[in-house]
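Secondary and tertiary structure notes
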Amino acid sequence: MKVLVAENNPQMLQQLCDILDKEGYVTLPAADGAEALQIYRRQSPDFVCLDIMMPDPSGYDVCREIRKTDAKTPVIFISAKSETADKVTGLEVGADDYIVKPFDVLEVVARIRAITRRCMAVKTSPENTEGQIFWLNGLKVMPRELRAEQAGKIIELSLRDIKILRLFHDNKGKVVDRNALLDHCWGAHIMPESRTVDWHISQLRKKIEKDPANPQFIKTLHGVGYKFEEMPGGGQTTS
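A brief look at the structure comes next. (Residues numbered from 1 in each chain as written. Predicted model: local features only at pLDDT ≥ 70, side-chain atom pairs only at ≥ 80, totals over all residues. Heavy atoms only, no water.)

1. Structural notes on the packing of aromatic side chains
Per the stated rule, a full pass over the model turns up five aromatic pairs. For the pair Y25 and F47, a centre-to-centre distance of 5.8 Å together with 80° between the ring planes defines the contact as edge-to-face. Here Y25 is found in the loop between α1 (10–23) and β2 (26–30), whereas its partner F47 is found in strand β3 (residues 47–50), with 22 residues between them in sequence. Note on F47: relative accessible area 0%, which makes it buried. (Phe/Tyr/Trp six-rings, centres within 6.5 Å; stacked < 30°, edge-to-face > 60°. Helix = DSSP H or I, 4+ residues; strand = E, 2+ residues; numbered from the N terminus. Buried < 20%, exposed > 50% of the residue type's maximum accessible area, 1.4 Å probe, protein only.)

Dropping the structure here:
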């Protein structure tokens with residue numbers, strides 16, 4: 001899923017891209033309004049994050065320009081302008097959400113996940129299997145909701161968590177090496193170190209394993225990769 005991020009402060013732009021990259025999105029950074037519109041027209045992002053106080057043109061004007069031909073792509077304003085009038089203007093020009101700086105990272109992640117659920121609900125068709133529910137043992141994974149359910153407990157997942165679990169599902173009984181995880185779940189354009197995979201698997205274990213230090217499901221095969229352990233009678237088929 002591609003996200004256009006327009007922000008004229010380089011440090012803030014990098015921070016937002018890092019947050020999105022960690023969640024599993026492909027980021028399209030823009031340093032000003034003109035570049036944002038160029039990237040939007042060329043890349044057709046799935047949603048857009050805009051600063052307001054950008055030169056050439058402002059975030060408000062970028063949103064207005066997008067809404068002339070596109071009423072569906074979600075737009076989030078992330079701005080230091082915190083007055084009620086600023087928020088009202090942002091919503092009136094067509095934004096779906098408005099986040100005030102300085103922001104809490106967890107709040108940004110929650111708002112982005114909410115937008116992602118909306119995007120996936122709209123774009124998923126009966127012919128598209130990416131959004132369909134699938135099972136891994138007793139874990140019911142719901143991609144369109146960015147959630148899983150296990151023994152009646154709801155588990156919040158990132159887009160990258162979903163990609164990893166989908167890869168395990170599609171390779172049941174097989175070892176998935178780190179290169180396959182990097183290519184499928186991070187993409188060829190990003191080359192994180194191998195320990196990035198290990199760290200993310202450890203975080204995923206904390207969400208789905210009863211005892212993450214002694215995992216039942218995601219097994220490590222040292223020097224090779226990972227395998228999702230199938231438990232007899234432990235799951236259901238894709239629905």
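So much for the structure itself; the text now carries on.
2. So, the packing of helix α6 (residues 159–170) against helix α7 (residues 178–185)
Where α6 contacts α7, the two axes come as close as 10 Å, and the packing angle between them is 130°. Relative to α7, α6 is oriented oblique. Here α6 runs over α7; the crossing is right-handed. Touching R160, K163, I164 and L167 of α6 are A180, L181, H184 and C185, all from α7. Broken down by class, the residue content of the contact of α6 with α7 amounts to five nonpolar, one polar and two charged. (Axes fitted to C-alpha atoms, helices over the stretch in contact; angles between N-to-C directions. Parallel < 35°, antiparallel > 145°, perpendicular 65-115°, else oblique. Left-handed = near helix turned anticlockwise from the far one by under 90°. Contact = heavy atoms within 4.5 Å. Nonpolar A, V, L, I, M, F, W, Y, C, P; charged D, E, K, R; others polar.)

3. Points about the sheet that holds strand β8 (residues 147–150)
Across the sheet, which stays open at both edges, the four strands sit in the order β6-β7-β8-β9 with antiparallel pairing between neighbours. Strands with a single pairing partner mark the edges of an open sheet, and in this sheet they are β6 (134–136) and β9 (153–156). With strand direction ignored, the average angle separating the axes of adjacent strands in the sheet is 25°. Looking at chain direction, strand β7 (residues 139–142) and β8 are connected through four bridges and run antiparallel. Across the sheet, M142 pairs through a bridge with R147, a residue of β8. (Pairing = 2+ DSSP bridges.)

4. Quick word on the nonpolar core
Residues F47, L165 and F168 are the most contacted members of the largest nonpolar core, which totals 48 residues. Discounting chain neighbours no more than four positions away, the residues touching L165 are F134, L136, L139, V141, L157, L204, I208 and F228. (Core = buried A, V, L, I, M, F, W, Y, C linked by side-chain atoms within 4.5 Å.)

5. Some words on the side chain of E209
Turning to its location among the elements, E209 is positioned in the loop between α8 (194–208) and β11 (218–221). Within the buried set, E209 has no salt-bridge partner at all; the shortest N-O distance to an opposite charge, 4.9 Å, is to R205. From its side chain, E209 meets the backbone nitrogen of I218 in a polar contact 2.9 Å long. (Lys, Arg positive; Asp, Glu negative; His and termini not counted. Salt bridge = Lys/Arg side-chain N within 4 Å of Asp/Glu carboxyl O. Polar contact = N/O pair within 3.5 Å; in protein donor to acceptor, adjacent residues only side chain to side chain.)

6. Some thoughts on the environment of H184
As for its position among the elements, H184 is in helix α7. A sequence separation of 21 residues divides H184 from K163, and the C-alpha atoms of the two residues are 7.5 Å apart. Setting aside anything within four residues of it in sequence, one finds H184 in contact with K163 and L167.

7. Some remarks on the pairing of β3
By the alternation rule, side chains of β3 split into F47 and C49 and V48 and L50, which are all buried. Here strand β1 (residues 2–6) pairs with β3 via four bridges, running parallel. Within β3, the residue paired with L4 across the bridge is V48. Where β3 meets strand β4 (residues 75–79), three bridges bridge the pair, whose relative direction is parallel. Bridge pairing links L50 to F77 in β4. Read from β3 through helix α3 (residues 59–69) to β4, the crossover connection turns out right-handed. (Right-handed = clockwise from strand over helix to strand, strands pointing away.)

8. Side note on the pattern of salt bridges
Enumeration over the complete set of coordinates arrives at 15 salt bridges. With its nearest N and O atoms 2.8 Å apart, the salt bridge here joins R147 to E156. The exposure class assigned to R147 is partly exposed, which follows from its relative accessible area of 23%. Judged by relative accessible area, E156 falls into the partly exposed class, the value being 35%. A salt bridge links D161 to K207; its shortest N-O distance comes to 2.5 Å. Taken as a pair, D161 in helix α6 and K207 in helix α8 lie far apart in primary sequence, 46 residues in all.

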